[in-house]
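# Residue-level structure breakdown
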Amino acid sequence: MKYPYPIIGLEIHVELKTKSKMFCQCSADYFGKAPNSQVCPVCLGLPGALPVPNKTAVEWTIRIAQALGCTVPERSKFDRKHYFYPDLPKGYQISQYDEPIGINGRVAISDGIERKEFRIRRVHIEEDTGKLIHKGGETLIDFNRSSVPLVEIVTEADFHNSGDVKRFLEELQVIIRTLDVANADMEKGDMRLEPNISVLYLEKGQKWDGKTFPKYKVEVKNINSFRFAKMAIDYELERQTKLLENGETPVQETRGFNEKTNATVSQRTKEDAHDYRYFPEPDIPVMVFGKSYLERIRQSLPELPTPRAERLVAELGLRFQDAFLITRVKSTADLYEMLVAKMGKDKSQKIANHIVNRKVDVTAPVEEVVSAMEALFAEKNADPALLEKAVADVCAANGKVVTDYKNGKQQALMFLVGQVMRQMRGQADAADVTAALRKYLD
Ligand code: ZN
Ligand code: MN
């Protein structure tokens, strides 16, 4: 008796939002620009052009690596990764091979009950390629994206279901956004996922040893949303399991996800690492980071979302789910802590409720949020006479709904609450209104 055990590792590319490209001074903001309007001899790969690394891009990659718990060695270098494809004008991509910026990290996800950790194998910096545009039977090339800084994050094969992959990607996105180094928008291609997926068969009751892998793996490309990531993985697991159960071994290949059919389709058989003929980039000296430089970057890291949520739970006794939601966007978390400091720790859960339930617009100027929040707290003291009158008016004007309520229709009460709230122009608490209505009707 054997059971299928999915083995999934991730490769994630994130485009940095630096002003200029990775190895030249062209603008890296290519979105919506006229094709080939932001190019120069370096990013067009013309003979004799010399690449000069973007210092900010290197520093931001160090930030990402540190935030993902990686060790950042003091030495790092660039390598050439060769492959022949029209979107790569030099015939090679400047990337990193054996001395990446970061190694051996880990990222935790939590739902307040269970905490799961996933290992990060490496974080390195490289350049993006140009874009192929297929139009009227022709293939055109736009080099505006060529040499835009790209960070590659590679995990260990620590994922065994598509749900964990989705949650990890969401966590990675908020970490990167908190660092303020990339937009990390999957729909726009700022963040691209390539999972490699295979299925191992284990004996009933046997646990995976963490080092036995199937003889093949399938890489999936063209996934541009969290939802599609989950769908593509589930599709692929089902496809492979069916083949394996028929005694066949899935082909080692790269497949593309088709979002119209929700299926993956074969693209090409996978090249092995040695086909890339990696060798050190001779035009760029080895980078040596001083200890104090790396320490300074580490000191400048903001508190990360999930550790921050865990701290808010520990310090304020907040419900984890609320702390989690509030910390997904750094500015919202900052605003929340400012409000708690101003209005008192005893109100921390209530402030959280108002933010989570969108009672205040967290994107409004700070002074406006503070006064809106104060108004929400003042509501408790809504004039009882006014509230009583509103209740009586609304019940008088909605006789049929009142009858419905008296006949046991709970929905009817919700309608009446809404009407009273409206008449009170937001100057009453929903709980108070409900209580007043119940008292009146009963
Ligand atoms: Zn350029
Ligand atoms: Mn890459």
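Residues numbered from 1 in each chain as written. Chains lettered and ligands numbered in written order. Predicted model: local features only at pLDDT ≥ 70, side-chain atom pairs only at ≥ 80, totals over all residues. Heavy atoms only, no water.

### Let's talk about the coordination of the manganese ion (ligand 2)
Around the manganese ion (ligand 2), the protein supplies His13 (NE2), Glu126 (OE) and Glu152 (OE) as donor atoms, at distances of 2.0 to 2.2 Å. In terms of primary sequence, the donors binding the manganese ion (ligand 2) are separated according to H-x112-E-x25-E. Taken as a pair, His13 in strand E1 (residues 2-15) and Glu152 in strand E9 (residues 149-155) lie far apart in primary sequence, 139 residues in all. Just as His13 is buried, Glu152 falls in that class too. (Donors = N, O, S within 2.8 Å, 3.2 Å for Na, K, Ca; no water. Helix = DSSP H or I, 4+ residues; strand = E, 2+ residues; numbered from the N terminus. Buried < 20%, exposed > 50% of the residue type's maximum accessible area, 1.4 Å probe, protein only.)

### Observations regarding the coordination of the zinc ion (ligand 1)
Protein-derived ligands of the zinc ion (ligand 1) are Cys24 (SG), Cys26 (SG), Cys40 (SG) and Cys43 (SG), with the metal-ligand distances lying across 2.3 to 2.4 Å. Relative to the metal, the four donor atoms surrounding the zinc ion (ligand 1) lie at angles of 101 to 114°, and the coordination shape comes out tetrahedral. As a motif over one chain, the donors of the zinc ion (ligand 1) read C-x1-C-x13-C-x2-C. Here Cys26, found in the loop between E1 and helix H1 (55-67), pairs with Cys43, found in the loop between E1 and H1; they are 17 residues apart in sequence, far enough to count as distant. (Tetrahedral: all angles 85-135°; square planar, octahedral: opposite > 155°, others 65-115°.)

### Here's the deal with the packing of helix H10 (residues 384-397) against helix H13 (residues 430-441)
Think of two packed helices as two axes; the pair is described by the angle between the axes and how far apart they sit. At a minimum axis distance of 10 Å, the contact between H10 and H13 shows a crossing angle of 60°. Overall, the two elements H10 and H13 adopt an arrangement that is oblique. In terms of crossing hand, the pair formed by H10 and H13 is right-handed. Contacts between H10 and H13 involve Leu387, Val391, Ala392 and Cys395 on the former and, on the latter, Asp432, Val433, Ala436, Leu437, Tyr440 and Leu441. (Axes fitted to C-alpha atoms, helices over the stretch in contact; angles between N-to-C directions. Parallel < 35°, antiparallel > 145°, perpendicular 65-115°, else oblique. Left-handed = near helix turned anticlockwise from the far one by under 90°. Contact = heavy atoms within 4.5 Å.)

### Some remarks on the nonpolar core
Looking at soluble globular proteins, one finds that nonpolar side chains tend to be buried together. Judged by nonpolar contacts, the single largest core of 69 residues is most densely connected at Ile12 and Ile153. Setting aside anything within four residues of it in sequence, one finds Ile12 in contact with Val151, Glu152, Ile153, Phe168, Leu169, Leu172, Met191, Arg192 and Leu193. Of all hydrophobic cores here, the second largest spans 23 residues; its members include Leu318, Tyr336, Ala352 and Met373. (Core = buried A, V, L, I, M, F, W, Y, C linked by side-chain atoms within 4.5 Å.)

### Brief notes about the domain arrangement of the protein chain
For the protein chain, the assigned domains are domain 1 (2-296), domain 2 (303-377) and domain 3 (384-441). Using only C-alpha atoms to locate each centre, domain 2 and domain 3 end up separated by 30 Å. (Domains from an automatic or database assignment.)

### Quick look at the packing of aromatic side chains
Applying the stated criterion across every chain yields a total of 12 aromatic pairs. Aromatic side chains Tyr97 and Tyr278 sit 3.9 Å apart centroid to centroid with 10° between the ring planes, which places their arrangement in the stacked category. Taken as a pair, Tyr97 in the loop between strand E4 (92-95) and strand E5 (102-110) and Tyr278 in the loop between strand E13 (263-269) and strand E14 (279-280) lie far apart in primary sequence, 181 residues in all. Taking relative accessible area as the criterion, Tyr97 reaches 39% and is therefore assigned partly exposed. Note on Tyr278: relative accessible area 22%, which makes it partly exposed. Ring centres 4.3 Å apart and planes at 10° place the aromatic pair Phe118 and Phe159 in the stacked group. A residue pair is termed long-range when its members are at least 10 positions apart, and Phe118 in strand E6 (residues 115-127) and Phe159 in the loop between E9 and helix H2 (162-179) qualify at 41 residues. (Phe/Tyr/Trp six-rings, centres within 6.5 Å; stacked < 30°, edge-to-face > 60°.)

### Notes on the pairing of E5
By the bridge criterion, eight bridges tie E5 to E6 in an arrangement that is antiparallel. Paired with Ile103 across the bridge in E6 is Arg122. Between the antiparallel neighbours E5 and E6 lie four residues, among them Gly112 with a positive phi of about 90°. (Pairing = 2+ DSSP bridges.)

### Examining the sheet that holds E14
With respect to topology, three strands assemble into an open sheet ordered E4-E3-E14, the strand pairing being antiparallel. Where the open sheet ends on each side, the last strands, each with one partner, are E4 and E14. With two bridges connecting them, strand E3 (residues 79-82) and E14 associate as antiparallel partners. Note on E14: the bridge partner recorded for Asp79 is Pro280.

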